[in-house]
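Fold and contact review
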Amino acid sequence: MDGVTEVDVAAVIGRTDELVIREIVRTGASRSELRRALALAKGPDDLVDPAALPPRMRRLVDLLAITLPEQGPRPLQGPQHRLPGAMKDIHRAA
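The structure displayed is predicted, hence computed values, not measured ones. (Residues numbered from 1 in each chain as written. Predicted model: local features only at pLDDT ≥ 70, side-chain atom pairs only at ≥ 80, totals over all residues. Heavy atoms only, no water.)

Quick word on the pattern of salt bridges
- Scanning the entire structure with this criterion turns up 5 salt bridges.
- A salt bridge links Glu18 to Arg22, with the shortest nitrogen-to-oxygen separation between them at 3.0 Å. Highlighted residues: Glu18 and Arg22, both in helix H2 (residues 18-26), separated by 4 residues, approximately one helical turn.
- Where Glu23 meets Arg59, a salt bridge forms, and the shortest distance between an N and an O atom there is 3.1 Å. Of this pair, Glu23 sits in helix H2 while Arg59 is found in helix H4 (residues 55-67), placing the two residues 36 residues apart along the sequence.
- Classification of Arg59 as partly exposed rests on a relative accessible area of 38%. (Salt bridge = Lys/Arg side-chain N within 4 Å of Asp/Glu carboxyl O. Helix = DSSP H or I, 4+ residues; strand = E, 2+ residues; numbered from the N terminus. Buried < 20%, exposed > 50% of the residue type's maximum accessible area, 1.4 Å probe, protein only.)

Spelled out as structure tokens, the structure:
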């Protein structure tokens with residue numbers, strides 16, 4: 001099984017830092033490993049324990065995670081009506 005090439009990596013993740021592409025190629029990963037690692041990097045963190053992954057897959061997931069666009073702010077947890085009330089207290093203290 002041959003490892004991925006720079007062209008393979010660019011086809012899967014698009015344009016990114018050339019150093020990241022070279023590091024992914026250096027792992028010797030196959031195309032199927034690259035696709036699986038990309039799915040893991042995009043998916044929820046709680047589905048797979050990173051320690052359970054082989055070292056090469058952990059490295060791929062780490063490298064791919066830094067190439068993904070920002071997911072944006074996470075939604076607030078708990079009641080959201082508390083924030084404005086807390087802000088009123090700040091204005092009173094000033």
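Once the structure has been displayed, the description carries forward.
Here's the deal with the packing of H2 against H4
- Here H2 crosses H4 at 160°, and the two axes come no closer than 10 Å. Classified by the interaxial angle, the pair formed by H2 and H4 is roughly antiparallel. The way H2 lies across H4 gives a crossing that is left-handed. Contacts from Val20, Glu23 and Ile24 in H2 reach Arg59, Leu60, Leu63, Leu64, Ile66 and Thr67 in H4.
- Looking at the contact of H2 with H4 residue by residue, the classes come out as 6 nonpolar, 1 polar and 2 charged. (Axes fitted to C-alpha atoms, helices over the stretch in contact; angles between N-to-C directions. Parallel < 35°, antiparallel > 145°, perpendicular 65-115°, else oblique. Left-handed = near helix turned anticlockwise from the far one by under 90°. Contact = heavy atoms within 4.5 Å. Nonpolar A, V, L, I, M, F, W, Y, C, P; charged D, E, K, R; others polar.)

Re the nonpolar core
- Ranked by internal contacts, the top residues of the largest apolar core, which has 18 residues, are Val9, Ile24, Leu34, Leu60 and Leu64.
- When residues of this core are traced back to their parent elements, those giving at least two are helix H1 (6-13), H2, helix H3 (31-42) and H4.
- Among the elements that make up this core, the one with the highest residue count is H4 (5 residues).
- Not counting residues up to four positions away in its chain, the partners in contact with Ile24 are Val4, Val9, Ile13, Leu34, Leu60, Leu63 and Leu64. (Core = buried A, V, L, I, M, F, W, Y, C linked by side-chain atoms within 4.5 Å.)

Section: the environment of Val7
- Relative to the assigned elements, Val7 resides in helix H1.
- Spatially, the C-alpha atom of Val7 lies 9.1 Å from that of Ile21, the residues being 14 residues apart in sequence.

Focus on H1
- Turning to H1, its buried residues are Asp8, Val9 and Ile13. All buried residues of H1 project into a common sector of 105° when viewed along the axis, lining one side. Pointing more than 90 degrees away from the buried face of H1 are the exposed residues Val7 and Ala11.
- On its buried side, H1 packs onto H2, H3 and H4.
- Just past H1, the residue Gly14 takes up positive phi, approximately 80°. (Arc of directions from axis to C-beta.)

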